[in-house]
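# Overview (structure and organization)
Below, each chain spelled out in residue letters.
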Amino acid sequence: MLFDKRKYWWLIAAVVLLTLAYVLMSGPANSEASQFDESIFSFRRITLAPLLIVGTYAGLIYLILKRTKNACSERKGK
């Protein structure tokens, strides 16, 4: 298998975090197109959600590139 069981759980958690971050970035639709809505500049949309997205992608890259202990021991045996 490509990953061990623990890595798959981390992968599922990362997908859930990414989904949560994208939901936090979105918001309610503006009912009137002629009025400007100030809620697009909230802390949640401008700061929290993008930091969560970047952090989760960085964690995913680390998770994918990190070697498992089984792979290291298999290479030593060869």
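Residues numbered from 1 in each chain as written. Predicted model: local features only at pLDDT ≥ 70, side-chain atom pairs only at ≥ 80, totals over all residues. Heavy atoms only, no water.

### Some words on the overall build of the protein
Along the backbone of the protein there are 3 helices and 0 strands. When its helices and strands are written in sequence order, the protein yields α-α-α. Taking all 78 residues of the protein together, the buried fraction comes to 15%. Here the contacts in the protein between residues at least 6 apart in sequence split such that 67% fall between residues at least 24 apart. (Helix = DSSP H or I, 4+ residues; strand = E, 2+ residues; numbered from the N terminus. Buried < 20%, exposed > 50% of the residue type's maximum accessible area, 1.4 Å probe, protein only. Contact = heavy atoms within 4.5 Å.)

### Quick look at helix α2 (residues 43-65)
With 23 residues, α2 extends 32 Å from end C-alpha to end C-alpha; this agrees with the ideal 33 Å at 1.5 Å per step. Remark: the principal bend of α2, roughly 25°, maps to Ala49, with a proline, Pro50, within the next four residues. Of the residues making up α2, those classed as buried are Arg45, Ala49, Ile53, Thr56, Leu60 and Leu63. Buried residues along α2 sit against α1 (5-25). (Expected span 1.5 Å × (residues − 1). Bend = angle between axes of the 7 residues up to and from the residue.)

### Remarks on the packing of aromatic side chains
One pass over the structure, following the stated rule, counts 1 aromatic pair. Aromatic pair Phe3 and Tyr8: ring centres 5.6 Å apart, planes at 70°, arrangement edge-to-face. Since its relative accessible area comes to 14%, Phe3 is described here as buried. (Phe/Tyr/Trp six-rings, centres within 6.5 Å; stacked < 30°, edge-to-face > 60°.)

### Things to note about a nonpolar patch on the surface
A contiguous nonpolar surface patch, about 430 Å² in accessible area, is contributed by Phe36, Ile40, Phe41 and Ile46. Looking at the secondary structure, you find Phe36 in the loop between α1 and α2. On the accessibility criterion, Phe36 (57% relative accessible area) is exposed. (Patch = residues over 30% accessible without salt bridge, like charges linked within 9 Å, V, L, I, M, F, W, Y side chains within 5 Å. Areas by Shrake-Rupley, 256 points an atom, 1.4 Å probe, with all protein chains shown as cover. Salt bridge = Lys/Arg side-chain N within 4 Å of Asp/Glu carboxyl O.)

### Thoughts on the nonpolar core
Ala14, Leu18, Ala21, Ile53, Leu60 and Leu63 form the largest nonpolar core, which has 6 residues in total. Once residues lying within four places of it in the same chain are set aside, the contact partners of Leu18 are Ile53, Thr56, Tyr57 and Leu60. (Core = buried A, V, L, I, M, F, W, Y, C linked by side-chain atoms within 4.5 Å.)

### Thoughts on the side chain of Arg45
As for its position among the elements, Arg45 is in helix α2. Excluding anything up to four places from it in sequence, Arg45 contacts Leu24, Met25, Ser26, Gly27, Pro28, Ser39, Ile40 and Pro50.

### Considering the packing of α1 against α2
It is the contact of α1 with α2, at a shortest axis distance of 9 Å, that shows an interaxial angle of 160°. With respect to each other, α1 and α2 are oriented roughly antiparallel. As α1 packs across α2, the resulting crossing turns out to be left-handed. Contacts between α1 and α2 involve Lys7, Trp10, Leu11, Ala14, Leu17, Leu18, Leu20, Ala21, Tyr22, Val23, Leu24 and Met25 from the first element and Arg44, Arg45, Leu48, Ala49, Pro50, Leu52, Ile53, Thr56, Tyr57, Leu60, Leu63 and Ile64 from the second. Grouping the constituent residues of the contact of α1 with α2 by class yields 20 nonpolar, 1 polar and 3 charged. (Axes fitted to C-alpha atoms, helices over the stretch in contact; angles between N-to-C directions. Parallel < 35°, antiparallel > 145°, perpendicular 65-115°, else oblique. Left-handed = near helix turned anticlockwise from the far one by under 90°. Nonpolar A, V, L, I, M, F, W, Y, C, P; charged D, E, K, R; others polar.)

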